[in-house]
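In case you want the letters, here they are:
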Amino acid sequence: MTLPDRAATPALLQVDAIVSRLTGRPALAEVCRFLRHAFAHYPWVGIYRVEGSDLVLDAWDGAQATEHTRIPIARGICGQAVRERRSVVVDDVRSDPNYLACFLETRAEIVVPIVHNGAIVGEIDIDGNSVRTFDDSDRRFLEKVAAKLGAAVERSGAELPVG
Ligand code: SME
């Protein structure tokens, strides 16, 4: 699916508005909610935070909760994005041996690292419901969103209680 600049540009302004109004986990939750509702091809949006050798789900929006609230960096497409320090786009999850299944309807996935002060502190994870849901325009857009979220993810890790 193509995400044209005329949709990406106002969405990035909206993310700016969210992170100027909210901090930490509430900011992450609002960004998940906004992305899911702004883009019909983003039916499940989550943000994981790096905690030691794991990824911990800090915020999400979608029809169902995932069982994968803590994922070792050694595993999954989520872990792969951190290990390889890059965005990962999977056209068809059924042909990717790294894929950790969450939802029956998921057919594609995109994971984009969130970098803060040079370190990966978290990632945006979006599941799509058709093969090849995500293309380069989604990747470019979500990398810009991720660039705005580093401080909020760091703050989220400092908030208690965690869970
Ligand atoms: N599919 C991911 C696990 C997280 S769920 O998509 C929410 C993976 O393979 O790492």
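Residues numbered from 1 in each chain as written. Predicted model: local features only at pLDDT ≥ 70, side-chain atom pairs only at ≥ 80, totals over all residues. Heavy atoms only, no water.

Undergrad: Quick question: what am I supposed to make of the nonpolar core here?
TA: One recurring pattern in soluble globular proteins is that nonpolar side chains are buried together. One finds Leu35, Tyr42, Phe141 and Val145 to be the most contacted residues of the largest nonpolar core, which totals 31 residues. Elements with a minimum of two residues in this core: helix 1 (5-21), helix 2 (24-38), strand 1 (44-51), strand 5 (108-116), strand 6 (119-128), helix 4 (136-147) and helix 5 (150-158). The residues touching Val145, leaving out its near neighbours within four places in the chain, are Leu12, Val15, Val31, Leu35 and Ile124. Judged by nonpolar contacts, the second largest core, of 18 residues, contains Tyr48, Leu55, Leu57 and Ile120. (Core = buried A, V, L, I, M, F, W, Y, C linked by side-chain atoms within 4.5 Å. Buried < 20%, exposed > 50% of the residue type's maximum accessible area, 1.4 Å probe, protein only. Helix = DSSP H or I, 4+ residues; strand = E, 2+ residues; numbered from the N terminus. Contact = heavy atoms within 4.5 Å.)

Undergrad: Whenever I open this one, the packing of helix 1 against helix 4 confuses me. Can you help?
TA: The relative placement of two packed helices is expressed as an angle between their axes plus a distance between the axes. The interhelical angle for the contact between helix 1 and helix 4, taken along N-to-C directions, is 15°, at an axis separation of 10 Å. Taken together, helix 1 and helix 4 sit at an angle that is classed as roughly parallel. Relative to helix 4, the crossing made by helix 1 is right-handed. Contacts from Ala8, Ala11, Leu12 and Val15 in helix 1 reach Phe141, Lys144 and Val145 in helix 4. The residue inventory of the contact of helix 1 with helix 4, partitioned by class, reads six nonpolar, no polar and one charged. (Axes fitted to C-alpha atoms, helices over the stretch in contact; angles between N-to-C directions. Parallel < 35°, antiparallel > 145°, perpendicular 65-115°, else oblique. Left-handed = near helix turned anticlockwise from the far one by under 90°. Nonpolar A, V, L, I, M, F, W, Y, C, P; charged D, E, K, R; others polar.)

Undergrad: Would you mind showing me how to read the pairing of strand 6 here?
TA: On any regular strand, side chains alternate: one points to one face of the sheet, the next to the other face. Extensive coverage of strand 6 is indicated by the burial of nine of its ten residues. Where strand 1 lies against strand 6, six bridges are found, and the strand directions are antiparallel. Within strand 6, the position partnered with Gly46 by the bridge is Asp125. Pairing between strand 5 and strand 6: nine bridges, direction antiparallel. Residue Ile110 lies in a different strand from strand 6, and its bridge partner there is Ile126. From the end of strand 5 to the start of strand 6, which pair antiparallel, there are two residues, and Asn117 there has a positive phi angle of about 50°. (Pairing = 2+ DSSP bridges.)

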